[in-house]
Amino acid sequence: METENSTVLTDFILLGLTQSQHVQLLVFVLVLGFYLIILPGNFLIILTIRSDPGLTAPLYFFLGNLAFLDASYSFIVAPRMLVDFLSKKKIISYRGCITQLFFLHFLGAGEMFLLVVMAFDRYIAICHPLHYSTIMNARVCYTLLLALWLGGFAHSIVQVALILQLPFCGPNQLDNFFCDVPQVIKLACTDTFVVELLMVSNSGLLTLLCFLGLLASYAVILCRVKGHSSEGKNKALSTCTTHIIIVFLMFGPAIFIYTRPFRAFPADKVVSLFHTVIFPLMNPVIYTLRNQEVKASMKRLLSRHMAC
């Protein structure tokens, strides 16, 4: 479309999760409850790991970063969604939409890569315990952390760069409660077939490969622990089970959203709600509830502060 015949959009209208007032109220209460209960729990996990000298192992270092990533990720969509539930017209600027999309994929990809790093850490700890302290030293941990942040940034900047190349001249209604690639692409006033293929390759294929790689790595770990002692086997099984639960919680919805052509399905908004709001708040909590050392340290921290 020629430039002189098009109008550059300055904002988008979000159609929201649903038009039903009763459903909106129910979701508002649900999300607000999660926010007020579980979000402080994530910060408590970070504080516990940072303040306890006994939780210096790489596993807890990465767990603290997971809690930080999930807490940060939950600020991208949920606060604005809560405000929009109380607004008659849900408007987001073009720049605000691009910013939201950037951080959504930046932190989301960072968390995906962090789960890969955590799987590598468990593989070394269980399959090569004698070399664990040498391989997973502080320098390696910080290098891996830097690598996953850079990987998340590279993934996200590619998404944004592809979106910025598209012309938007109307309509401006996004059929969702936040800005994401599949919905934004549909509003471009040009043929987006090639861009959609690039998006699927960047998000969908990467997500699927990481998911399959993680399942394969944990399958190898579980096979290796068969010959361990009963106590060591039970601890390894507990840790791996927790990681596998998180992998399915995170990658399942992401695969559903990003590994298929960008067509609308009735379940898209519900899956997006759990993917962007509910599951990120739950992930570190699931880790903590199945980790005896962190739970014991958290109880000591709370008891110490209550006694003061």
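As recorded in an unreviewed UniProt entry, the protein chain goes by the name Olfactory receptor, listed as coming from Vulpes vulpes. Per UniProt, the protein chain has the following entry under Sequence similarities (unreviewed entry): "Belongs to the G-protein coupled receptor 1 family."

Participant: Any chance you could explain the pattern of salt bridges here in plain terms?
Facilitator: Side-chain pairing between opposite charges can occur once the charged atoms of the two side chains come close. Applying the stated criterion to the full structure yields 4 salt bridges. In this structure, the salt-bridge partner of Arg300 is Asp52, at a minimum N-O distance of 3.0 Å. Here the residue Arg300 occupies a position in helix α10 (residues 292–307), and Asp52 occupies one in the loop between α1 (21–51) and α2 (58–85), the gap between them amounting to 248 residues. You can call Asp52 buried: its relative accessible area is 14%.

Participant: Before we go on, may I ask you to explain the UniProt feature "transmembrane region" (unreviewed entry) in the protein chain in this structure?
Facilitator: Annotation from UniProt places "transmembrane region" (unreviewed entry) at residues 25–47, 59–78, 98–120, 140–164, 205–225, 237–258 and 270–289. End-to-end, the C-alpha atoms of residues 59–78 are 28 Å apart, and along that stretch the chain is 100% helix and 0% strand.

Participant: Explanation requested: the pairing of strand β1 (residues 11–14) in the structure shown.
Facilitator: The side chains of a regular strand alternate, residue by residue, between the two faces of the sheet. Inspection of the sheet shows β1 paired to strand β2 (residues 91–93) by 3 bridges, in the antiparallel sense. Across the sheet, the residue bridging to Phe12 is Ile92, located in β2. Where β1 meets strand β3 (residues 173–174), 2 bridges bridge the pair, whose relative direction is parallel. Bridge pairing in β3 places Ile13 opposite Gln173.

Participant: Whenever I open this one, the nonpolar core confuses me. Can you help?
Facilitator: Nonpolar side chains in soluble globular proteins tend to end up buried together. Of all hydrophobic cores here, the largest spans 99 residues; its most connected members are Phe12, Leu115, Ile163, Phe168 and Phe251. A total of 20 residues in this core trace back to one element, the largest contributor, which is helix α3 (residues 94–127).

Participant: In this structure, what is going on with the state of the cysteines? I would like to understand it.
Facilitator: Covalently bonding the sulfur atom of one cysteine to the sulfur atom of another cysteine gives a disulfide. As enumerated under the stated definition, the model contains 2 disulfides in all. Disulfide pairing places Cys97 opposite Cys179 at an S-S distance of 2.1 Å. The sign of the -120° torsion about the S-S bond sets the Cys97-Cys179 disulfide as left-handed. Of this pair, Cys97 sits in helix α3 while Cys179 sits in the loop between β3 and α6 (181–186), and the two are 82 residues apart along the sequence. Classification of Cys97 as buried rests on a relative accessible area of 0%. Between the sulfur atoms of Cys169 and its disulfide partner Cys189 the distance amounts to 2.2 Å. A residue pair is termed long-range when its members are at least 10 positions apart, and Cys169 in the loop between α5 (138–164) and β3 and Cys189 in the loop between α6 and α7 (193–224) qualify at 20 residues. With a relative accessible area of 21%, Cys169 lands in the partly exposed category. For Cys189, a relative accessible area of 16% gives the class buried. The cysteine Cys127 is free of any disulfide, with Cys240 supplying the nearest cysteine sulfur at 8.4 Å. The exposure class of Cys127 is buried, given its relative accessible area of 9%.

Participant: I'm lost on the side chain of Asn202 in this one. Help?
Facilitator: Structurally, the position occupied by Asn202 is in helix α7. Looking at Asn202, the relative accessible area reads 15%, which means it is buried. Side-chain polar atoms of Asn202 contact the side chain of Gln159, separated by 2.7 Å. With residues near it in sequence (within four places) discarded, Asn202 still touches His155, Val158 and Gln159.

Scoring rules and cut-offs
- Residues numbered from 1 in each chain as written.
- Predicted model: local features only at pLDDT ≥ 70, side-chain atom pairs only at ≥ 80, totals over all residues.
- Heavy atoms only, no water.
- UniProt positions renumbered as here; feature names shortened; annotations may be inferred.
- Salt bridge = Lys/Arg side-chain N within 4 Å of Asp/Glu carboxyl O.
- Helix = DSSP H or I, 4+ residues; strand = E, 2+ residues; numbered from the N terminus.
- Buried < 20%, exposed > 50% of the residue type's maximum accessible area, 1.4 Å probe, protein only.
- Pairing = 2+ DSSP bridges.
- Core = buried A, V, L, I, M, F, W, Y, C linked by side-chain atoms within 4.5 Å.
- Disulfide = S-S within 2.5 Å.
- Polar contact = N/O pair within 3.5 Å; in protein donor to acceptor, adjacent residues only side chain to side chain.
- Contact = heavy atoms within 4.5 Å.

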